[in-house]
Amino acid sequence: MSIDVILGMQWGDEGKGRVVDFYAREYGVVARFGGGDNAGHSLVVAGRTIALRLTPSGVLQPHAELFIGGGCVVNPWTLLEEFRMLAALGVDVERVSVSDRAHVVLPQHVDADKRREADREQALGTTGRGIGPAYADRASRVGLTVREFCESDAPEAQRLRPHVVDGVAYLHDRLERGVRVLAEGAQGTMLDVVYGTYPFVTSSSTIAGGACTGLGVGPKSIGRVIGVAKAYCTRVGSGPFPSELDNREGEYLREQGHEFGTVTGRPRRCGWFDAVAARYAVRVDGVDAIALTKLDVLSGLERIGIVTAYGADGAVETEYVDGWREQIRGARRITELPQAARSYVERIQRLAGVPIELISVGPEREELVR
Ligand code: GTP
Ligand code: IMP
Ligand code: MG
């Protein structure tokens, strides 16, 4: 039985949370393979917004088991707080298991993150959650595994212990029983520690290959790879952003798309869809199909740009297509979209080189074009 992967093709915040929630209906296990509480996934269900940092986004599918893989770094305080929040909503958190091989983010990592940011000539704009220092400690072989933490006498250790499993045995046991597993990425391809816009990246492997190392499975176990891309681009924090709009159109995207960080509240930088970055992600991740999100945000723009090539000195080539005025949140089939919106989607599909199999047109669960 194979593992399918859903990951971000841009700089994170593509809307992976709601896309995972949708696909999760067909899977028995939803597994996070990297990152920590730097991630912030928002799910909107019946008008209510639920923000998740560590728990996989499949948690609102009552049948699914949830797994936090060895590739993750876990802040026990955040995780236990998230469990309390979910339990208060009536969500069963007993289904959440944490790999013994994940590493622990400690208060000293959070302090070090803030200190290192302050010391840098150009700050990275991290989420300040201690992610970099925790991964650095792992690589330096001085980190603390979840297993070791649970053997300690910290009060949180006791509460976390019932959730901790031998991660390799847990996952392979299910795969051997034919249970379908969905691997959920955090952040996005352009924030990958190796293949992203280094050094303006996070400290984990966010690409499809990260699902293998982060879950402890071989490359042949990976089935489909679904790349989530927003219909425009955003980036939170510093670093290269070739399609960035520092004008009224960028402002429009930020306002219409509510582009403010889930974790930090920072305004996100906004820009046109970057087809160069999309093609890069298709290569690096082996994307089979794209879920295109937030198409509704573009309604009302006179023209819509797509960056098609990078030139010298940060210059980019941008082509423009006609916008549309209609609101599209009610559309459920491609034929219900205005012609200009369909042309835009077709153009992106052609430039990316892989099919778009799902389009989201609003934050609510059912606001999807299939
Ligand atoms: P990261 O792990 O932080 O990268 O998170 P993410 O990819 O899950 O995305 P995040 O939840 O941070 O941001 C997506 C935001 O867009 C959320 O507030 C969603 O409710 C919202 N959203 C998702 N899909 C749509 C859509 O189709 N239309 C609109 N208007 N909003 C959407
Ligand atoms: P860190 O992961 O907190 O170290 O942050 C490193 C970079 O990744 C910063 O630019 C952050 O803004 C960005 N980043 C980390 N997590 C996310 C996320 O979930 N969504 C978007 N950007 C993120
Ligand atoms: Mg987010």
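See the structure printed just above.
Everything numeric here is computed off the predicted structure, so don't read it as measured data.

With that settled, consider the pairing of strand 16 (residues 303-310). As paired strands, strand 14 (residues 273-274) and strand 16 are joined by 2 bridges and run parallel to one another. Paired with F273 across the bridge in strand 16 is I306. Taken together, the 7 bridges between strand 16 and strand 17 (residues 316-322) define a ladder with antiparallel strand orientation. Following the sheet pairing, I304 is matched in strand 17 by V321. Hairpin connection, strand 16 to strand 17: the antiparallel pair is bridged by 5 residues, and D313 has positive phi, about 55°.

We now examine the coordination of the magnesium ion (ligand 3). Within the first shell, the magnesium ion (ligand 3) binds the protein through D13 (OD) and G40 (O), at distances of 2.0 to 2.3 Å. Here D13 is found in the loop between strand 1 (3-8) and helix 1 (16-23), whereas its partner G40 is found in the loop between strand 2 (29-32) and strand 3 (41-45), with 27 residues between them in sequence. The class for G40 is buried, based on a relative accessible area of 16%.

Hydrogen bonding along the main chain pairs the strands of a sheet, whether they run parallel or antiparallel. Strand order in the open sheet formed by 3 strands is 14-16-17, with mixed pairing between adjacent strands. Every interior strand has two partners, whereas the edge strands, strand 14 and strand 17, have only one. Relative to strand 16, helix 10 (residues 275-285) is tilted by about 60°, and along the sheet it contacts strand 14 and strand 16. On top of the sheet, helix 11 (residues 339-352) reaches strand 14, strand 16 and strand 17; it is set at about 10° to strand 16, its chief contact.

What follows deals with helix 11. Here helix 11 spans 20 Å end to end across 14 residues, near enough to the 20 Å set by a 1.5 Å rise per residue. For helix 11, the set of buried residues is A341, Y344, V345, I348, L351 and A352. Down the axis of helix 11, the buried set is contained in an arc of 130°. They therefore lie on one face. For helix 11, the secondary structure elements touched by its buried residues are strand 14, helix 10, strand 15 (289-293), strand 16, strand 17 and strand 18 (356-360). G353, located one to two residues past helix 11, shows a positive phi value of around 85°.

Looking now at the side chain of R32. Structurally, R32 is set in strand 2. Despite being buried, R32 has no salt bridge partner; E184 is the closest side chain of opposite charge, sitting 5.3 Å away. Within the structure, the side chain of R32 is placed 3.0 Å from the backbone oxygen of G36, a separation counted as a polar contact. Engagement of the side chain of R32 in a polar contact is seen with the backbone oxygen of R53, the distance being 2.9 Å. The contact partners of R32, leaving out residues within four places of it in the chain, are A39, H41, R53, L54, P56, F67, I68, G69, C72, E184, A186 and L215.

Within the structure, ligand 2 sits among 16 residues, and D13, N38, T127, T202 and V236 are positioned closest to it. Side-chain polar atom of T202 to an oxygen atom of ligand 2: 2.6 Å apart, as the coordinates give it. The residue makeup of the shell around ligand 2, split by class, is 6 nonpolar, 8 polar and 2 charged.

Helix 4 (residues 131-139) packs onto helix 3 (residues 107-119) with a crossing angle of 110° between their chain directions and a minimal axis gap of 7 Å. Comparing the axis directions of helix 3 and helix 4 gives the class roughly perpendicular. In the crossing of helix 3 with helix 4, the sense of the turn from one axis to the other is right-handed. Contacts between helix 3 and helix 4 involve H109, A112, D113 and R116 from the first element and I131, P133, A134, A136 and D137 from the second. The residue makeup of the contact of helix 3 with helix 4, split by class, is 5 nonpolar, 1 polar and 3 charged.

Thresholds, definitions, all that
- Counting of residues starts from 1 at the beginning of each chain's written sequence and follows it residue by residue.
- Chains carry letters and ligands carry numbers; both start at the beginning, A for chains and 1 for ligands, and go up in the order they are written.
- Note on the predicted model: pLDDT of at least 70 is required for a residue's local features to be given, and 80 or more for side-chain atom pairs to be given and counted; whole-chain, interface and lining totals, by contrast, use all residues.
- Working from all heavy atoms in the structure, the side-chain values ignore hydrogens and water.
- Strands pair, by our definition, only if DSSP identifies at least two bridges between them.
- Going along the chain from the N terminus, every DSSP run of H or I of four or more residues is numbered as a helix, and every run of E of two or more is numbered as a strand.
- Each metal's donors are the N, O and S atoms found within 2.8 Å of it, except that Na, K and Ca use a 3.2 Å limit; water is left out, so coordination can look incomplete.
- Three labels apply to residues, based on accessible area from a 1.4 Å probe with only protein chains included: buried if under 20% of the type maximum, exposed if over 50%, partly exposed otherwise in between.
- The criterion used for residue contact is that any of the two residues' heavy atoms lie within 4.5 Å.
- Only the contacting stretch of a helix is used when fitting its axis, a line to C-alpha atoms as for every element, and angles between N-to-C directions run 0 to 180 degrees.
- Given the number of residues in a helix, its expected span is that number minus one, multiplied by 1.5 Å.
- In this description, the arc belongs to the directions extending from the helix axis to the C-beta atoms.
- When charges are counted, Lys and Arg are positive and Asp and Glu negative, with His and the chain ends excluded.
- Every case where a carboxyl oxygen of Asp or Glu lies within 4 Å of a side-chain nitrogen of Lys or Arg is listed as a salt bridge.
- Counted as a polar contact is a pair of N or O atoms within 3.5 Å, where, for protein atoms, one must be capable of donating a hydrogen and the other of accepting one, and residues adjacent in sequence contribute only when both atoms are in side chains.
- Summary of the distance rule: residues count as near a molecule or strand when at least one heavy atom falls within 4 Å of that molecule or strand.
- Amino acid classes used here: Ala, Val, Leu, Ile, Met, Phe, Trp, Tyr, Cys and Pro are nonpolar; Asp, Glu, Lys and Arg are charged; the rest, including Gly, are polar.
- The scheme is simple: roughly parallel for angles under 35 degrees, roughly antiparallel for over 145, roughly perpendicular for 65 to 115, oblique for anything else.
- In this scheme, a crossing is called left-handed if the near helix is turned counterclockwise away from the far one by less than a right angle; it is called right-handed if the turn is clockwise.

No statement about biological role is implied by the geometric values presented.
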